[in-house]
Amino acid sequence: MDYGGRELAITLTITIVVWATFIGIYAYNLFSSGPTFDMAWYFLEENPEGGTLAYPLGAMAYFAFIRSFAGTPESFTVAFHALSLAWLGLLFFIYGKMMRIERLLMVSIIFAILIYFVIDRVEIVAVALAFSGAYLFSEGKRMGGWLAAIAGAFVKVFPVFLLPLFAIPEWGKKGGAKRVGIAGAVCVLLLLASPATINSLMYQSQRGLQVESVYSSVLLAANQFLDMGIRTQESWGSVHLVLPEGLQWLVPASTLLQAAAVGAVILAYALDKRRGSRFWEYCFLVLAVGVLFGKIGSTQFMLWPVAFAVPLIGKGDMRLYAMCIALAVFAILVFPYGWYSLYMMETLPIAVLAARNLVLAGMVAHVGLRLNEKGMEKAEHVARPDL
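Residues numbered from 1 in each chain as written. Predicted model: local features only at pLDDT ≥ 70, side-chain atom pairs only at ≥ 80, totals over all residues. Heavy atoms only, no water.

Overview of the pattern of salt bridges
Taken as a whole, this structure holds 11 salt bridges when the rule is applied. Measuring nitrogen to oxygen at the nearest pair gives 3.0 Å for the salt bridge that ties Arg-121 to Asp-38. Taken together, the positions of Arg-121 in the loop between helix 7 (115-120) and helix 8 (123-138) and Asp-38 in helix 3 (residues 37-44) put the pair 83 residues apart, joining distant regions of the chain. Grouping residues by exposure puts Arg-121 and Asp-38 together as buried. Across the salt bridge formed by Arg-121 and Asp-120, the nearest N and O atoms sit 3.1 Å from each other. Take Arg-121: its relative accessible area is 5%, and that puts it in the buried class. The exposure class assigned to Asp-120 is buried, which follows from its relative accessible area of 0%. (Salt bridge = Lys/Arg side-chain N within 4 Å of Asp/Glu carboxyl O. Helix = DSSP H or I, 4+ residues; strand = E, 2+ residues; numbered from the N terminus. Buried < 20%, exposed > 50% of the residue type's maximum accessible area, 1.4 Å probe, protein only.)

What follows is the structure in structure tokens.
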């Protein structure tokens, strides 16, 4: 679709209105210097229940860096917000290299809806680093891509899922084995030298089913009709389900299912002879299924499928764009607006949570089905043949 001046003006107007609306809605959180719940723990570097904050090395270093020049909770919050906007700017700088201005404006609307989570959570740092890594890798700057993605993985774990997609096309390429070896050595050295990262992995492994996860949405919906004895409790810095003894097997099963789903995407990529033209589809899928099948489904995690859907939207996938808008809207209705009601296991927020998770599942299904369509190799953004 060719955009003239009128269409661009309309898109720009809608974008400004949406941004102004959500900045107004979150004005207190955006401009207040008082630390919010998560920000207070970032500053203190403590878990809500005590002990060292369970974040990887990169996140802890990031918090320490901000605290080095912003030594009070108030100044830390202001600095954190400002830096988050800078990371968002980096993300959009890369997007700008991949699509026209009118689609860039449209994409920004999704982030406007999620702006509270963009500026108030460390997620945007990892998202920007991981996306930078994928972009550099796709452009042939492979070592830079590896290092950026690894840096993102030591802020939040999700970029780890991208690394096999980098490794697969490296085999048999000049210098590929060397790059994989260097990347692997960097990961191992950082892990061994990082008690914070090990602590974070152990902490997350002990968590149960967080209330926003896809498993929780199914169980909470079923509990409305069957009275399965499920209840909620505040723990691990969030709200989790308390399961009856007969359902506790779902906690380890959720981790196995997440691993299986991610592994299935990686295997499909390895076997796909046309993966060179489908790199961004697989990047989206491996992260989206990682989020969908994880036992923790916090609202800020929705930034991962949204951020990696953008290259596909840039190719003209307006159905995926509409799904991203719906995902963002349902996500903020769950948290912060429906959080207390969800904790009380009320019907409406459970329905909204189910809708959010169904939209994310629909996004996965939509992109997966597109991979089977004829002519995918003729996508408007032709990938490098050696991917």
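Quick look at a nonpolar patch on the surface
A cluster of nonpolar side chains, Val-157, Val-160, Leu-191, Ile-198, Leu-201 and Met-202, forms an exposed patch at the surface whose accessible area comes to about 470 Å². When residues in the nonpolar patch are grouped by element, the largest group, 3 residues, is from helix 12 (residues 195-205). Relative to the helices and strands, Ile-198 is located in helix 12. (Patch = residues over 30% accessible without salt bridge, like charges linked within 9 Å, V, L, I, M, F, W, Y side chains within 5 Å. Areas by Shrake-Rupley, 256 points an atom, 1.4 Å probe, with all protein chains shown as cover.)

Details of the packing of aromatic side chains
Here the structure, examined in full by the defined rule, presents 32 aromatic pairs. Both rings, one in Tyr-62 and one in Phe-80, keep their centres 6.0 Å apart while their planes meet at 70°; by these two values the pair is edge-to-face. Here Phe-80 lies in helix 5 (residues 73-96) and Tyr-62 lies in helix 4 (residues 57-69), a separation of 18 residues in the sequence. Residue classification places Tyr-62 among the buried residues on the basis of a relative accessible area of 10%. In this structure an aromatic cluster arises from ring pairing among Phe-92, Tyr-95, Phe-111, Phe-131, Phe-137, Trp-146, Phe-166, Phe-279, Trp-280 and Phe-308. If you follow Arg-275 out to its NZ or CZ, it ends over the ring of Tyr-269, 5.7 Å from the centre. (Phe/Tyr/Trp six-rings, centres within 6.5 Å; stacked < 30°, edge-to-face > 60°. Lys NZ or Arg CZ within 6 Å of the ring centre and 35° of its normal.)

Remarks on the side chain of Asp-38
Using a relative accessible area of 16% as the deciding quantity, one classes Asp-38 as buried. There is a polar contact of 3.0 Å between the side chain of Asp-38 and the side chain of Arg-121. (Polar contact = N/O pair within 3.5 Å; in protein donor to acceptor, adjacent residues only side chain to side chain.)

Notes on helix 14 (residues 250-271)
Between its first and last C-alpha atoms helix 14 spans 31 Å; for 22 residues at 1.5 Å apiece the expected length is 32 Å, and the two agree. Among the residues of helix 14, those classed as buried are Leu-250, Val-251, Ser-254, Gln-258, Ala-261, Val-262, Val-265, Ile-266 and Tyr-269. Down the axis of helix 14, the buried set is contained in an arc of 160°. They therefore lie on one face. Counted as exposed and oriented over 90 degrees from the buried face of helix 14: Leu-256, Leu-267 and Leu-271. Against the buried residues of helix 14 lie helix 10 (163-170), helix 13 (214-226) and helix 15 (279-292). (Expected span 1.5 Å × (residues − 1). Arc of directions from axis to C-beta. Contact = heavy atoms within 4.5 Å.)

Thoughts on the side chain of Gln-300
With respect to the element layout, Gln-300 can be found in the loop between helix 15 and helix 16 (303-314). Setting aside residues up to four positions removed in sequence, Gln-300 forms contacts with Asp-38, Phe-117, Arg-121 and Glu-123.

Thoughts on unusual backbone geometry
Here the amide bond leading from Phe-335 into Pro-336 is cis, since omega sits at 15°, within 30 degrees of zero. If you trace the backbone, Pro-336 turns up in helix 17 (residues 318-337). With a phi close to 50°, Asp-227 is a non-glycine residue in the positive phi region. Tracing the backbone shows Asp-227 in the loop between helix 13 and strand 1 (231-235).

Describing the confidence of the model for the protein
With 93% of its residues at a pLDDT of 70 or more, the protein has an overall mean of 91. Considering only residues more than four positions removed or in separate chains, one finds that residues 374-383, a stretch of pLDDT under 50, has 16 contacts. (pLDDT = per-residue confidence, 0-100.)

Overview of helix 1 (residues 5-25)
In this model helix 1 runs 30 Å from its N-terminal to its C-terminal C-alpha over 21 residues, within 8% of the 30 Å that 1.5 Å per residue would give. Contact partners of the buried residues in helix 1: helix 6 (101-113), helix 7 and helix 17.

Some details on the pairing of strand 2 (residues 238-242)
Counting buried residues in strand 2 gives 5 out of 5 residues, a clear majority hidden from the surface. Alignment of strand 1 against strand 2, held across 5 bridges, turns out to be antiparallel. By the bridge assignment, Thr-232 is partnered in strand 2 with Leu-241. The loop that links strand 1 with its antiparallel partner strand 2 comprises 2 residues; one of these, Trp-236, has a positive phi angle of about 55°. (Pairing = 2+ DSSP bridges.)

As for the nonpolar core
Ranked by size, the top nonpolar core spans 129 residues in total, and within it Phe-63, Tyr-95, Phe-111, Trp-280 and Phe-308 carry the most contacts. The element best represented in this core is helix 15, accounting for 12 residues. Other than its neighbours up to four places away in sequence, Phe-308 contacts Ala-130, Phe-131, Ala-134, Leu-162, Trp-280, Cys-283, Phe-284 and Leu-287. (Core = buried A, V, L, I, M, F, W, Y, C linked by side-chain atoms within 4.5 Å.)

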